[in-house]
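Structural characterization, general
Residue strings, one per chain:
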Amino acid sequence: MRHDPMLAILADLMRRVDGLAGQRGHLSVVRLHDEVDQIRHIARAFHLDVVEGLAGTLESALSLHGLGPVVLSYLDLMRDAISSDMRAADIVPIIAQRSPAPIVTLRA
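1. Regarding the pattern of salt bridges
- All told, the structure shown has eight salt bridges when counted by the stated rule.
- Arg-15 is the partner of Asp-12 in a salt bridge, and the nearest nitrogen-oxygen pair spans 2.5 Å. One end of the pair is Asp-12 and the other is Arg-15, both in helix H1 (residues 5-22) and three residues apart, which spans about a single turn.
- The partly exposed category is assigned to Asp-12, whose relative accessible area is 21%.
- Relative accessible area serves as the criterion here: at 53%, Arg-15 is assigned to the exposed category.
- When salt bridges that share partners are traced, they join Asp-12, Arg-15 and Arg-16 into one network.

2. Concerning helix H3 (residues 49-65)
- With 17 residues, H3 extends 24 Å from end C-alpha to end C-alpha; this agrees with the ideal 24 Å at 1.5 Å per step.
- Among the residues of H3, those classed as buried are Val-51, Glu-52, Leu-54, Ala-55, Leu-58, Glu-59, Ala-61 and Leu-62.
- Remark: Gly-66 follows H3 within two positions and exhibits a positive phi of approximately 75°.

3. Focus: H1
- Between the first and last C-alpha of H1 there are 26 Å, a value that for 18 residues agrees with the 26 Å anticipated at 1.5 Å per step.
- Residues of H1 that are buried include every one of Leu-10, Leu-13, Met-14, Val-17 and Leu-20, and no others. Projection of H1 onto a plane perpendicular to its axis shows the buried side chains occupying an angular sector of 125°, all on one side. Pointing more than 90 degrees away from the buried face of H1 are the exposed residues Pro-5, Arg-15 and Gly-22.

4. A few points about the packing of helix H2 (residues 29-45) against H3
- At their nearest, the axes of H2 and H3 sit 8 Å apart, and the two run at 160° to each other. Overall, the two elements H2 and H3 adopt an arrangement that is roughly antiparallel. For the element pair H2 and H3, the recorded crossing hand is left-handed. Taking contact as the criterion, the partners of Val-29, Leu-32, His-33, Val-36, Asp-37, Ile-39, Arg-40, Ala-43 and Arg-44 in H2 are, on H3, Val-51, Glu-52, Ala-55, Gly-56, Leu-58, Glu-59, Leu-62 and Ser-63.
- Broken down by class, the residue content of the contact of H2 with H3 amounts to nine nonpolar, three polar and five charged.

Reading the values: the criteria
Residues numbered from 1 in each chain as written. Predicted model: local features only at pLDDT ≥ 70, side-chain atom pairs only at ≥ 80, totals over all residues. Heavy atoms only, no water. Salt bridge = Lys/Arg side-chain N within 4 Å of Asp/Glu carboxyl O. Helix = DSSP H or I, 4+ residues; strand = E, 2+ residues; numbered from the N terminus. Buried < 20%, exposed > 50% of the residue type's maximum accessible area, 1.4 Å probe, protein only. Expected span 1.5 Å × (residues − 1). Arc of directions from axis to C-beta. Axes fitted to C-alpha atoms, helices over the stretch in contact; angles between N-to-C directions. Parallel < 35°, antiparallel > 145°, perpendicular 65-115°, else oblique. Left-handed = near helix turned anticlockwise from the far one by under 90°. Contact = heavy atoms within 4.5 Å. Nonpolar A, V, L, I, M, F, W, Y, C, P; charged D, E, K, R; others polar.

Following this line, the structure appears as structure tokens:
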């Protein structure tokens, strides 16, 4: 089985999002903002547009409203977006090497 580097990136993003959700209430707004910013940068680097957009919107919400129930909603949306990308990355096309079929001659 081949290793897909994109799955590793997506797993890291999922770990980060789950970590933030698990620490809710124990992180300052500044620390949460920094963590979400890192998620956004990783998503941008790997063209995960939905995750990047959600992280950017969450950063804006944090700037305006601070901590609150909106944080978990955005983390859930990011988790869903990452999961859907994981399913797409899991399907790795493998081109099978076929040897030419032997030529069979039939005699009557």
